[in-house]
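As a plain string of letters, each chain reads:
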Amino acid sequence: MKEKTTQLKDIYDAFDADTRDLVKGRACTRGCSFCCREAGSIDITTLEGMVIRKAMDKMPSSRQKTLTRAFRSEIKQREAGNAVPCPFLMKNNACMIYENRPFSCRRIYSAHVCSRDAPPAVNRQVMERAHQAIAALQQLDNTGYSGHLSYILYMLSVPAFLKTYTAGEFKPEEIMEFGKAHRIVINRTRS
């Protein structure tokens, strides 16, 4: 797992280096949280979920309990078709897992200040490179899955699934019903 985590960081770093000049002049600043509240699905791979879980394990137990409740609530809201802010978004609009945020958060930027009437404006070349990075992430996590942050973290909280995944085994039949209902993608079919 440690080797894959290093490779995950390498993919993030390569994307950052590749797009550095393309995102100069972006409007995003510290505390801007439009995308965390409004822009849609925060999709992650199972491997990214493991990194996030590790970061959560280092948090005080009271925060872990608060996050667990927030994720349960978010899942119910999403299942009802409602958009809700990311549970990792704090009241000051900062991200509590910023250093460990997934690629879907890392790739977001906008050329202008966003609002409901003016969603993020992204350079086409950046989006093309993001699609390449996503393919690399899914290939790296070839025994895992991709889907919304809450659903992947939920799957990783199920002991049987976690055991299968950490053993490097691939048993999609174990999550078939949940996966179909929540648009979970099998990475090896995408890469």
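## Points about the side chain of T45
Phase 1: Within the fold, T45 resides in strand β1 (residues 43-45).
Phase 2: With near-sequence residues (within four places) excluded, T45 lies in contact with L137, Q138, D141, Y145, S146, I152 and N187.

## Digging into the environment of Y154
Phase 1: Mapped onto the elements of the fold, Y154 is located in helix α7 (residues 149-157).
Phase 2: We classify Y154 as partly exposed; its relative accessible area is 40%.
Phase 3: Y154 sits 18 residues away from P172 along the chain, and the two C-alpha atoms are 15 Å apart.

## What about the sheet that holds strand β3 (residues 185-186)?
Phase 1: In spatial order, the strands read β1-β2-β3; together these three strands make up an open sheet with antiparallel pairing. Edge positions in the sheet fall to β1 and β3, since each of these pairs with one other strand and no more.
Phase 2: As defined by bridge partners, β1 adjoins strand β2 (residues 145-148) across three bridges and the pair is classed as antiparallel. Each bridged residue has a counterpart across the sheet, and for I44 the counterpart in β2 is G147.
Phase 3: In the packing of α7 onto the sheet, the strands contacted are β1 and β2, and the crossing angle to β2 comes to about 125 degrees.

## Quick word on the packing of aromatic side chains
Phase 1: Scanning all chains against the criterion turns up eight aromatic pairs.
Phase 2: Between Y151 and F178 the ring centres are 6.0 Å apart and the planes differ by 85 degrees, which places this aromatic pair in the edge-to-face class. With Y151 in helix α7 and F178 in helix α9 (residues 176-181), this residue pair connects regions lying 27 residues apart in the sequence.
Phase 3: For Y151, a relative accessible area of 7% gives the class buried.

What counts, and at which threshold
Residues numbered from 1 in each chain as written. Predicted model: local features only at pLDDT ≥ 70, side-chain atom pairs only at ≥ 80, totals over all residues. Heavy atoms only, no water. Helix = DSSP H or I, 4+ residues; strand = E, 2+ residues; numbered from the N terminus. Contact = heavy atoms within 4.5 Å. Buried < 20%, exposed > 50% of the residue type's maximum accessible area, 1.4 Å probe, protein only. Pairing = 2+ DSSP bridges. Axes fitted to C-alpha atoms, helices over the stretch in contact; angles between N-to-C directions. Phe/Tyr/Trp six-rings, centres within 6.5 Å; stacked < 30°, edge-to-face > 60°.

Take it as geometry only, folks, not as evidence of what the structure does.
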